[in-house]
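Breakdown of the fold
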Amino acid sequence: MTGAATTGAGLTDADFERFREYFYKRTGIQFTASKRYFVDKRIDASIRNAGFGGFASWFAALRLGDRAELLQDLINQLTVNETYFLREDYQFDAMLNTVLPNVLAARGGHGPVRILSLPCSTGEEPYSIALRLLEEWDRIDDVDVEIHGADIDSDVLDRAAHASYGERSLHRVPKPWMAKYFTEAAAGRYQLDDGIRGAVTLHRVNVCDTASMRAFKDFDVIFCRNVLIYFDELSSRRAAENLYGALRPGGYLFLGHSESMSRISPIFTPTRLPEGIVYQRPTGANR
Amino acid sequence: VGLVRRTTEKAEAAEQLSVDDLLGRLDDADPERRREAALGLDAVAAAVDPLLDRVGAEPEPRARDAMLTTLAAFDLPEVAEGLVVHLASDDAGLRTAVAEAMAAMPTSVPPLMPRLLTDPDHDVRVMTAMVLADLPHPSAVTWLTAMIRDDTHPNVVAAAIDALLPSAGPEHGELLRDAVRRFPDDPFLRFTVEAAIR
């Protein structure tokens, strides 16, 4: 930590601006000055993790780009991964009660139904979808369902693959489901059943990166909750375009309860369900 | 049957296209291909002119919006100049989409404001209010309050009020009441202000 003009990892205000612009260009994530303390702390951790002596040498190496792990570690530090099983599960109710019947009706009753959770963080969301389907969807025995989880953060994907959770993450999971699908791995830690873990395919992707997102196609349902709020106008627009491209015509997009597509992009059709608003990619017939 | 894992990822099969291929696809008969091409041209400077040439004539909203997303990312004076003409379009979908894109251009759009705020076409000034509603710029509120205070057309004033409301505070109460007094025969404007003040 240096002189009075600096904070945290030794960043001056000018350093912070340069860093902020760089990180935005690489990820689409914008930090306002109000996040300065949070950002400084995480940069400090990234510098220490990589063994650099200070911001200047670390940032130079980061910009040089020949050590991809520097950027990935930074992304891992700066993205927020707080979640838990069955969070905002009224949207899973909507999926079971209305969305999946509509999807099947549109496709003549045949699967596979493809569902994407993005960002999936440490796995709670895609595994919650799996549990709700296995326990509550009456077509699960005759329709194939693919569940995919994706995130920009490689650390959380490793944790999602391991699928071991503490009680805080699991507090909303009914006891019979706990007994059926989880095994106590250590004191207060529970690991999800191999079969469910194996059924969910995990990917690393940045939702704002059109080139990588082109690989995601033909999803019937996407959950993209509580991430667009971190993006500025332009990154939100690009993320919306990429999500649109990942859906089948007629496919459904769920956003977080405090998010609205109406101020981001007009390309989706908002549909009011009893459980709330969901956004649909228009079919060819109406677009 | 049941939960299944996909073993062959489409990620591996994603087509890699050159800039020339993408530029060529801007004229593809399939609107989805045009949409994907426009998005794929992100940060390709050579795509600015071809996109500006096509955006006004693109019949498919999804392809047009993708073109606008890519163009807005440049946030350059020539892009803003190329887009601003569409604020006067007779096509409501086009002018609205362009306004939304311009709201994502906080560097190149503000220099146009003196001209837009005094445009002789009141419909252009209405669209300018829509741009300012979402433009992340420190002067956006100042420009909107100037529109509410000075513009002579009730539709412009109503649009500016609508744009200001999400960021309005008690300090704007008198400005809004003044607007109602200036246009006593406009029930929509009165309703908007009364609903906001309540």
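Each chain has its residues counted from 1, following the order in which its sequence is written. Numbering of ligands from 1 and lettering of chains from A proceed in the order in which they are written. Where local features are concerned, this predicted model is filtered to residues with pLDDT of at least 70; where side-chain atom pairs are given and counted, the filter is 80 or more; whole-chain, interface and lining totals use all residues. In computing side-chain properties, one takes all heavy atoms of the structure into account and sets aside hydrogens as well as water.

So, about the overall build of chain A. Per the secondary structure count, chain A includes twelve helices and twelve strands. Computed over the C-alpha atoms, the radius of gyration of chain A is 20 Å, within 12% of the 19 Å expected from 2.2 N^0.38 for a compact globule of 287 residues. For the C-alpha atoms alone, the extent of chain A along its principal axes is close to 65 × 50 × 30 Å. The burial tally for chain A puts 56% of its 287 residues in the buried class. Two residues form a contact once any of their heavy atoms are found within 4.5 Å. In chain A, of all internal contacts separated by at least 6 residues, the share reaching a separation of at least 24 is 74%. Areas reported here follow the Shrake-Rupley algorithm with a probe of radius 1.4 Å; residue values treat only the protein chains shown as occluding. Here chain A displays about 12200 Å² of accessible surface, and carbon together with sulfur accounts for 50% of that area. Side-chain charges in chain A split into 34 positive and 38 negative, and the spacing between the mean points of these groups amounts to 5 Å. Put simply, DSSP marks the helices as runs of H or I at least four residues long and the strands as runs of E at least two long, and each gets a number from the N terminus on. The atom set for the radius of gyration is the C-alpha atoms, and the globule formula is 2.2 Å times the number of residues raised to the power 0.38. Per-residue accessibility, obtained with a 1.4 Å probe over protein chains only, is compared with the maximum for each type, and a residue is labelled buried under 20%, exposed over 50%, and partly exposed between these values. Counting rule applied: Lys, Arg positive; Asp, Glu negative; His and chain ends not counted. The atoms used to mark charge sites are NZ of Lys, CZ of Arg, CG of Asp and CD of Glu.

Quick look at the pattern of salt bridges now. Residue and element names in this part refer to chain B. We define a salt bridge as a side-chain nitrogen of Lys or Arg found within 4 Å of a carboxyl oxygen belonging to Asp or Glu. For the coordinates displayed, the defined rule picks out 34 salt bridges over all chains. Between Glu174 and Arg177 there is a salt bridge whose closest N-O contact spans 3.5 Å. With Glu174 and Arg177 both in helix H11 (residues 173–182), this residue pair falls three residues apart, about one helical turn. For Arg177, a relative accessible area of 36% gives the class partly exposed. The partner of Arg190 in a salt bridge is Glu194, and the shortest N-O contact between them spans 3.6 Å.

This next bit is on the interface of chain A and chain B. With 37 residues of chain A at the contact, the number on the chain B side is 35 residues. For the pair chain A and chain B, the summed buried area comes to about 3200 Å², and 50% of that belongs to carbon and sulfur atoms. The interface formed by chain A and chain B contains four salt bridges. The salt bridge involving A:Lys217 is made with B:Glu36; its shortest N-O contact spans 2.2 Å. Pairing of N or O atoms within 3.5 Å defines a polar contact, subject to two protein rules: one partner must be a possible hydrogen donor and the other a possible acceptor, and residues neighboring in sequence count only if both atoms are side-chain atoms. Linking chain A with chain B are eleven residue pairs in polar contact (both at pLDDT 80 or more), by the criterion used here. Buried surface area refers to the total accessible area, computed with a probe of radius 1.4 Å, that the two partners give up upon joining, counted for both partners together.

On to the packing of helix H8 (residues 122–134) of chain B against helix H9 (residues 140–150) of chain B, then. All names here are of chain B. As a rule, the C-alpha atoms of each element are fitted with a line to give its axis, helices using only the stretch in contact, and angles between N-to-C directions run from 0 to 180 degrees. Contact pair H8 / H9: the axes reach a minimum separation of 10 Å and the direction vectors enclose 150°. Here H9 runs roughly antiparallel to H8, going by the angle between their axes. Where H8 crosses over H9, the handedness of that crossing is left-handed. Here H8 contributes Arg125, Thr128, Ala129 and Leu132 to the contact with H9, which in turn contributes Ala140, Trp143, Leu144 and Met147. When residues are sorted by character, Ala, Val, Leu, Ile, Met, Phe, Trp, Tyr, Cys and Pro go into the nonpolar class, Asp, Glu, Lys and Arg into the charged class, and all the rest, Gly among them, into the polar class. Within the contact of H8 with H9, the residues separate by chemical class into six nonpolar, one polar and one charged. Angles are sorted into four bins: roughly parallel if under 35 degrees, roughly antiparallel if over 145, roughly perpendicular if 65 to 115, and oblique for all others. Crossing handedness is defined as follows: a turn of the near helix away from the far one that is anticlockwise and smaller than a right angle gives a left-handed crossing, while the clockwise case is right-handed.

Rolled over the atoms, a probe as big as a water molecule pinpoints where empty space is left. Points on a 1 Å grid, built from protein atoms alone, make a cavity when a 1.4 Å probe fits but cannot get out and make a pocket when they are open with protein on both sides within 12 Å along at least 5 of 7 lines; residues with an atom within 4 Å of a point are the lining residues. Grid points are joined across faces, edges and corners, and a volume is the space filled by probe spheres set on the points. What the rule picks out here adds up to four cavities of 30 Å³ or more. The calculated volume of the largest cavity comes to roughly 90 Å³. Secondary structure elements with two or more residues in the lining of the largest cavity: helix H11 (210–213) and helix H12 (233–246) of chain A together with helix H2 (31–40) of chain B. Along the lines of polarity and charge, the residues of the lining of the largest cavity split into four nonpolar, three polar and five charged.

As a further point, take the sheet that holds strand E6 (residues 182–186) of chain A. Residue and element names in this part refer to chain A. Only strands joined by at least two bridges in the DSSP assignment are considered to pair. The strand order across the open sheet built from three strands is E5-E7-E6, with neighbouring strands paired in antiparallel fashion. Where the open sheet ends on each side, the last strands, each with one partner, are strand E5 (164–166) and E6. Mean inter-strand twist for the sheet, computed between neighbouring axes without regard to direction, equals 40°. In this structure, E5 lies alongside strand E7 (residues 189–192), joined through three bridges in antiparallel fashion.

Another point: the pairing of strand E12 (residues 276–280) of chain A. Residues and elements named next belong to chain A. Examined bridge by bridge, strand E10 (residues 247–255) and E12 share two bridges and lie antiparallel to one another. From the neighbouring strand, Leu253 faces E12, where its bridge partner is Tyr279. Across five bridges, strand E11 (residues 269–273) lies against E12 in antiparallel orientation. When the sheet's bridge partners are listed, Thr269 is paired in E12 with Gln280.

A few words on unusual backbone geometry. With omega at 0°, the peptide bond leading from A:Gly111 into A:Pro112 counts as cis. Counting through the fold element by element, A:Pro112 comes out in the loop between helix H5 (90–106) and strand E3 (113–117). Phi is positive for A:Asp218, close to 60°, though the residue is something other than glycine. In this structure, A:Asp218 sits in the loop between H11 and strand E9 (219–224). According to the relative accessible area criterion, A:Asp218 is partly exposed, its value standing at 26%. One non-glycine residue, B:Ala43, lies in positive phi territory at about 70°. Within the secondary structure, B:Ala43 is located in the loop between H2 and helix H3 (48–55). The class of B:Ala43 is exposed, set by a relative accessible area of 62%.

How sure the predictor is of each residue is captured by pLDDT, a score from 0 to 100. Mean pLDDT over chain B stands at 91; residues scoring 70 or higher make up 94%. Here the predicted complex carries an ipTM of 0.77, next to a pTM of 0.80.

Inspection of the sheet shows E6(A) paired to E7(A) by four bridges, in the antiparallel sense. Residue pairing across strands places A:Ala186 opposite A:Arg189, the latter belonging to E7(A).

Let's shift gears to the side chain of A:Ser265. Tracing the sequence through the fold places A:Ser265 in the loop between E10 and E11. From its side chain, A:Ser265 meets the backbone nitrogen of A:Ile267 in a polar contact 3.3 Å long.

The next subject is the packing of aromatic side chains. Residue and element names in this part refer to chain A. Whether two aromatic rings pair depends on their centres lying within 6.5 Å, for rings of Phe, Tyr and Trp, where Trp uses its six-membered ring; planes under 30 degrees apart make the pair stacked, over 60 edge-to-face, and the rest tilted. Overall, the coordinates contain 15 aromatic pairs over all chains when judged by the stated rule. Between Phe85 and Phe182 the ring centres are 5.7 Å apart and the planes differ by 80°, which places this aromatic pair in the edge-to-face class. Separated by 97 residues along the polypeptide, Phe85 in the loop between helix H4 (68–78) and H5 and Phe182 in strand E6 bring together distant segments of the chain. Like Phe182, Phe85 is buried. Clustering of aromatic rings is evident, with ring pairs tying together Phe19, Tyr22, Phe23, Phe31, Phe38, Phe55, Trp58 and Phe59. Geometry around Phe219 places Arg114 over its ring, the cationic atom sitting 4.3 Å from the centre. Any Lys NZ or Arg CZ that is within 6 Å of a ring centre and within 35 degrees of that ring's normal is treated as a charge sitting over the ring.

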